[in-house]
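# Structural features, examined
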Amino acid sequence: MWSITRQHQWPGGDFVVEVSGGGLDYANADALCKEYDGEFKEFIDPREAVETAISIAKQWQKDSDKEILIDRGYTSGMSMPFDGYPIEEETFTELREWAKKEYEKLKKCYQCGDLLSEK
């Protein structure tokens, strides 16, 4: 499961859209309040999470005079800043490739092929 938050990183001060593994319980503590559709939502499909994060990053960049970054990771429940990468096509391609690989590893229903939730 993955979640998306917008973060104002500590201590560096970067603004990063994070795709966090483990759902909301594993998101970093510096999350900003929800402003864009898809924030604080939990996704079982990493491809959907990445596309939503890209959309949020693009919208946030249009609304901000600060540089907006994007990244994915897993905090193991700790508070740790994600590095963040520029919101550009090369970054988006890498995120999409990662999401596709993650998707391929997930358990799917043997009858319909849909992703199985943790339940």
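Cut-offs used in this document
- Residues numbered from 1 in each chain as written.
- Predicted model: local features only at pLDDT ≥ 70, side-chain atom pairs only at ≥ 80, totals over all residues.
- Heavy atoms only, no water.
- Phe/Tyr/Trp six-rings, centres within 6.5 Å; stacked < 30°, edge-to-face > 60°.
- Helix = DSSP H or I, 4+ residues; strand = E, 2+ residues; numbered from the N terminus.
- Buried < 20%, exposed > 50% of the residue type's maximum accessible area, 1.4 Å probe, protein only.
- Salt bridge = Lys/Arg side-chain N within 4 Å of Asp/Glu carboxyl O.
- Contact = heavy atoms within 4.5 Å.
- Patch = residues over 30% accessible without salt bridge, like charges linked within 9 Å, V, L, I, M, F, W, Y side chains within 5 Å.
- Areas by Shrake-Rupley, 256 points an atom, 1.4 Å probe, with all protein chains shown as cover.
- Lys, Arg positive; Asp, Glu negative; His and termini not counted.
- Charge placed at Lys NZ, Arg CZ, Asp CG, Glu CD.

Before going further, it helps to examine the packing of aromatic side chains. Considering all chains together, one arrives at three aromatic pairs under this definition. When the centroid spacing of 6.1 Å and the interplanar angle of 90° are considered together, the rings of Trp2 and Trp98 count as edge-to-face. Here Trp2 is found in strand S1 (residues 2-8), whereas its partner Trp98 is found in helix H2 (residues 89-105), with 96 residues between them in sequence. Here Trp2 matches Trp98 in class, with each residue buried.

This brings us to the pattern of salt bridges. Considering all chains together, one arrives at seven salt bridges under this definition. The salt bridge involving Lys41 is made with Glu48; its shortest N-O contact spans 3.6 Å. Overall, Lys41 belongs to the partly exposed group, its relative accessible area being 40%. For Glu48, a relative accessible area of 38% gives the class partly exposed. With its nearest N and O atoms 4.0 Å apart, the salt bridge here joins Arg96 to Glu89. The class for Arg96 is partly exposed, based on a relative accessible area of 33%. When salt bridges that share partners are traced, they join Arg6, Glu35 and Glu39 into one network.

Along the chain, Glu35 turns up in the loop between strand S2 (15-21) and strand S3 (42-43). For Glu35, a relative accessible area of 52% puts it in the exposed group. Counting along the chain gives 29 residues from Glu35 to Arg6, while the straight-line C-alpha distance between them is 8.9 Å. If we skip the residues at most four places from it in the chain, Glu35 touches Arg6 and Asp63.

A cluster of acidic side chains, namely Glu88, Glu90, Glu94 and Glu97, defines a negative patch on the protein surface. With respect to the helices, strands and loops of the structure, Glu88 is situated in the loop between strand S5 (85-86) and H2. You can call Glu88 partly exposed: its relative accessible area is 40%.

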